[in-house]
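Listed here are the chains, written in short residue letters.
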Amino acid sequence: AQSVSQHNHHVILSEAASLELGCNYSYGGTVNLFWYVQYPGQHLQLLLKYFSGDPLVKGIKGFEAEFIKSKFSFNLRKPSVQWSDTAEYFCAVNPYSGAGSYQLTFGKGTKLSVIP
Amino acid sequence: DSGVTQTPKHLITATGQRVTLRCSPRSGDLSVYWYQQSLDQGLQFLIQYYNGEERAKGNILERFSAQQFPDLHSELNLSSLELGDSALYFCASSVAGRGRPDTQYFGPGTRLTVL
């Protein structure tokens, strides 16, 4: 079964610092990749996704992620974080089979705390 | 607002009881997914329905069942509840057409507390 690893459980940054959150998955075939964000007390919101094509994808709120197939990684980045980015970030993987089953396997999440 | 609605927002019940969680998908989405989020297990896929039929099953207990109705809303039934069933239950929806990638949009969740 596929698994998703997020290396950092809790990251604390000052405003304007750069952010990189790691995500590695274990699955040998074609995958669809996602980053979701969960602000305190809110539901999961899609930040960005990768299906195919350019491995560098841009999402909302200035976030981007790079898919490196050889490393089975999909790391999330933001050049300058803001206090409003304080949230929990989840990496998710869906093996693409074309059969119409799109269940997501999530990482454990990384809590980001941004200090003003 | 993702367009996915879930009711109730909070549910407090006792062990051994049965509860029903409800989800309405985004307009146009045919597929509904249920996930459980707990502190120890994280976010886990439970089950997927597509246009009324079960399409995929994950780590769903036998005490749990789900269905999707003709109007595409879905219900997750949890019975013989145990303390360990306390969690946040999310519903997501998507188009889920065969042969092309798909994006899931999540509802606000139902927080279940079993006492």
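Residues numbered from 1 in each chain as written. Chains lettered and ligands numbered in written order. Predicted model: local features only at pLDDT ≥ 70, side-chain atom pairs only at ≥ 80, totals over all residues. Heavy atoms only, no water.

A. Focus on the overall build of chain B. Counting its regular elements, chain B contains zero helices and 11 strands. Order of helices (α) and strands (β) in chain B, N terminus to C terminus: β-β-β-β-β-β-β-β-β-β-β. For chain B, whose C-alpha radius of gyration is 13 Å, the value lies close to the compact-globule estimate of 13 Å for 115 residues. Residue burial in chain B is summarised as follows: out of 115 residues, 52% are buried. (Helix = DSSP H or I, 4+ residues; strand = E, 2+ residues; numbered from the N terminus. Rg over C-alpha atoms; globule rule 2.2 N^0.38 Å. Buried < 20%, exposed > 50% of the residue type's maximum accessible area, 1.4 Å probe, protein only.)

B. Fine view of the pattern of salt bridges. Counting across every chain of the model gives seven salt bridges over all chains. One salt bridge connects Glu64(A) with Lys58(A), and the closest N-O pair in it is separated by 2.9 Å. Judged by its relative accessible area of 18%, Glu64(A) falls in the buried class. With a relative accessible area of 64%, Lys58(A) lands in the exposed category. Among the salt bridges present, the one from Glu82(B) reaches Arg63(B), with a minimum N-O distance of 3.7 Å. (Salt bridge = Lys/Arg side-chain N within 4 Å of Asp/Glu carboxyl O.)

C. Seen up close, the interface of chain A and chain B. Taken together, the contacts link 20 residues of chain A with 27 residues of chain B. Surface buried jointly by chain A and chain B totals about 1900 Å² across both partners, of which 55% is contributed by carbon and sulfur atoms. When the buried area of chain A at its contact with chain B is split by residue, His43(A), Tyr102(A) and Gln103(A) rank highest and sum to 29% of it. The tally of links from chain A across to chain B stands at zero salt bridges. Contributions of two or more residues to the side of chain A that touches chain B are made by strand 5 (31-38) and strand 6 (44-50) of chain A. Among the elements that take part in the side of chain A that touches chain B, strand 5 of chain A stands out by supplying four residues, more than any other. Class assignment for the residues of the side of chain A that touches chain B results in 11 nonpolar, seven polar and two charged. (Contact = heavy atoms within 4.5 Å. Buried area = accessible area lost by both parts, 1.4 Å probe. Nonpolar A, V, L, I, M, F, W, Y, C, P; charged D, E, K, R; others polar.)

D. Region of interest: the nonpolar core. Counting residues in each nonpolar core, the largest one holds 28 residues, and the members touching the most others are Leu33(A), Trp35(A), Leu47(A), Leu48(A), Phe74(A), Leu76(A) and Tyr89(A). Counting 20 residues, the second largest nonpolar core, distinct from the first, contains Trp34(B), Leu46(B), Leu78(B) and Cys91(B). (Core = buried A, V, L, I, M, F, W, Y, C linked by side-chain atoms within 4.5 Å.)

E. Expanded view of the packing of aromatic side chains. Following the criterion strictly, the structure yields 14 aromatic pairs over all chains and no others. Measuring from centroid to centroid gives 5.2 Å for Tyr36(A) and Phe106(B), while their planes differ by 80°, and the two rings are edge-to-face. Of this pair, Tyr36(A) sits in strand 5 while Phe106(B) sits in strand 10 (residues 105-106), on two different chains. Residue Tyr36(A) shares its accessibility class with Phe106(B), and that shared class is buried. Between the aromatic rings of Tyr35(B) and Phe45(B), the centroid separation amounts to 5.6 Å while the plane-to-plane angle is 65°, which identifies the pairing as edge-to-face. A residue pair is termed long-range when its members are at least 10 positions apart, and Tyr35(B) in strand 4 (residues 31-38) and Phe45(B) in strand 5 (residues 42-50) qualify at 10 residues. In terms of burial, Tyr35(B) and Phe45(B) fall into one category: buried. Linked through ring pairs, Phe34(A), Tyr36(A), Phe51(A), Phe90(A), Phe106(A), Tyr35(B), Phe45(B), Phe90(B) and Phe106(B) together constitute an aromatic cluster. The ring of Tyr50(B) carries Arg55(B) above its face, with NZ or CZ at 3.8 Å from the centroid. (Phe/Tyr/Trp six-rings, centres within 6.5 Å; stacked < 30°, edge-to-face > 60°. Lys NZ or Arg CZ within 6 Å of the ring centre and 35° of its normal.)

F. Geometry of the state of the cysteines. Residue and element names in this part refer to chain A. For the structure shown, the criterion picks out two disulfides over all chains. Each sulfur of the disulfide joining Cys23 and Cys91 lies 1.9 Å from the other. On the S-S bond that ties Cys23 to Cys91, the torsion sits near -65°, and the link is left-handed. Linking Cys23 in the loop between strand 3 (19-21) and strand 4 (24-26) with Cys91 in strand 10 (residues 87-95), this pair joins segments that are 68 residues apart in sequence. Across the pair, exposure class does not vary: Cys23 and Cys91 are buried alike. (Disulfide = S-S within 2.5 Å.)

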